[in-house]
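A closer look at the structure
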Amino acid sequence: MIGDKKVLYSAVQATGNLTIGNYLGALRNWVNLCDEYECFFAVANEHSITVRQEPAALRKHARELLTLYIAAGLDPEKNCLYYQSHVPAHAELAWILNCYTYMGELSRMTQFKDKSAKHEDNVNAGLFTYPVLMAADILLFQADYVPVGVDQKQHLELTRDIAMRFNSIYGDVFTIPEVYLGKTGRKIMSLQDPSKKMSKSDENPNAYILMMDDKDTIIRKFKRAITDSDTQVRYSDDKPGVSNLIDIYASCTGKSTEEIEKEFEGQGYGQFKLAVGEAVADVLTPIQERYADLSKNKDYIDGIIKNNAEKANYFANKTLRKVQKKVGFPELIR
Ligand code: ATP
Ligand code: LTN
């Protein structure tokens with residue numbers, strides 16, 4: 001708790017351009033949470049280097065992500081938006097928690113298995129201990145809730161296990177966090193293969209819509225989206241391509257599945273795909289405009305980065321000091 005509010009924590013890796021999957025599944029659902037919770041949203045740039053990054057590109061992506069948080073509606077006065085690398089306590093707590101996490105637990109993580117298969121030439125120790133750093137992120141802020149997509153649930157389970165293990169040895173040090181699932185857009189699928197989740201690291205750019213794609217690109221990509229040989233706009237397990245488009249349209253317009261099926265009755269896919277493209281563009285255009293304005297205002301963004309880093313450091317250091325004391329690290333007497 002901070003004051004009378006429970007704490008909510010999440011982060012996105014600063015790895016590339018965000019897709020509408022990241023937006024509809026994550027960012028958008030975070031916007032109004034600050035009324036109810038004390039919210040921290042990090043730019044996880046330390047997690048990013050578990051896969052090789054170009055330094056200039058990593059710097060650029062981190063800043064873009066933080067700016068996009070604001071453009072998407074996260075008020076930086078009410079939400080603590082900060083760079084993970086500006087808070088040294090993350091790495092320090094991660095080291096301590098590494099000593100309370102078992103090799104067997106980390107070996108079972110599906111993201112580690114997937115990523116080490118994908119980057120065979122760079123299976124580094126950081127990739128293996130990635131979930132411990134994520135646990136440190138969450139536990140430093142004594143988070144009650146962590147809004148993430150289904151793909152991150154396993155990491156959250158591990159975080160809980162580590163926290164409970166630590167508490168069982170040292171007493172009540174950490175709050176045990178719970179996963180917080182959004183109401184809509186839980187899993188947006190690839191436009192080219194609706195059995196796979198939409199992912200920014202897909203090698204085919206037609207598989208995803210980026211938050212920064214312009215209207216023409218968005219409409220072109222939806223026109224090429226895989227559907228089926230039928231022509232009916234109907235939600236069904238045997239029509240995964242069309243159902244994914246219905247989900248996206250519903251998420252962007254607030255309409256129900258039944259309303260959408262009715263709206264496009266007898267019209268075929270051409271009209272429907274165009275409408276989906278337009279609805280997505282209508283949601284993204286104002287964000288892109290705000291983003292363009294914000295990026296021109298260098299001093300404003302710099303100020304936010306500085307102030308929020310201070311706030312994040314304050315809360316993180318409180319927990320870190322408590323943990324250091326518990327494990328037996330003496331305080332430096334000045
Ligand atoms: P990559 O594909 O490069 O591994 P990613 O696109 O999955 O990355 P992350 O940084 O891992 O992006 O995820 C950020 C947040 O967005 C997480 O909470 C994740 O659950 C959510 N998310 C990512 N893709 C989707 C999707 N297709 N549908 C819904 N939510 C998603
Ligand atoms: N691993 C997460 C990003 C992330 C995160 C966190 C999410 C890093 N630290 C703490 C929630 C809480 C991902 O989405 N790939």
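Structure's up top.
Residues numbered from 1 in each chain as written. Chains lettered and ligands numbered in written order. Predicted model: local features only at pLDDT ≥ 70, side-chain atom pairs only at ≥ 80, totals over all residues. Heavy atoms only, no water.

Moving on, we get to the site of ligand 1. Within the structure, ligand 1 sits among 19 residues, and Gly-149, Asp-151, Ile-188, Lys-197 and Ser-199 are positioned closest to it. Taking Ser-199, its side chain carries an N or O atom lying 2.4 Å from an oxygen atom of ligand 1. The separation between an oxygen atom of ligand 1 and a polar side-chain atom of Lys-200 is 3.0 Å. Cavity membership is defined here by more than half of the atoms lying within 2 Å of grid points; on that basis ligand 1 lies in the largest pocket. When residues of the shell around ligand 1 are assigned to their parent elements, the largest contribution, 4 residues, is made by helix α1 (residues 20–30). (Near = heavy atom within 4 Å. Polar contact = N/O pair within 3.5 Å; in protein donor to acceptor, adjacent residues only side chain to side chain. 1 Å grid on protein atoms, 1.4 Å probe; cavity = no way out; pocket = protein on both sides within 12 Å on 5 of 7 lines; lining within 4 Å. Sits in = over half its atoms within 2 Å of the grid points. Helix = DSSP H or I, 4+ residues; strand = E, 2+ residues; numbered from the N terminus.)

In this section: empty space enclosed by the protein. Applying the stated criterion across every chain, the model contains 2 cavities of 30 Å³ or more. Taken as a whole, the second largest cavity encloses approximately 40 Å³ of empty space. Together, Met-109, Gln-111, Phe-112, Leu-127, Tyr-130, Pro-131 and His-155 line the second largest cavity. Of all the elements in the fold, those that place two or more residues in the lining of the second largest cavity are α6 (110–118) and α7 (125–140). Considering each element in turn, the lining of the second largest cavity owes the most residues, 3 residues, to α7. (Points joined across faces, edges and corners; volume = space filled by probe spheres on them.)

Taken together, 13 residues lie near ligand 2, and Ala-11, Tyr-130, Met-134, Asp-137 and Gln-152 sit nearest. Tyr-130 places a side-chain nitrogen or oxygen 2.6 Å from a nitrogen atom of ligand 2. Contact between ligand 2 and Gln-152: a nitrogen atom at 3.1 Å from a side-chain N or O atom of the residue. Protein chains shield 91% of the accessible area of ligand 2, which is 370 Å² for the free molecule. For the shell around ligand 2, the elements supplying multiple residues, two or more each, are β1 (6–13) and α7. Split by residue class, the shell around ligand 2 holds 8 nonpolar, 4 polar and 1 charged. (Areas by Shrake-Rupley, 256 points an atom, 1.4 Å probe, with all protein chains shown as cover. Nonpolar A, V, L, I, M, F, W, Y, C, P; charged D, E, K, R; others polar.)

It is worth stressing that arrangement in space is one thing and function is another; only the former is reported here.
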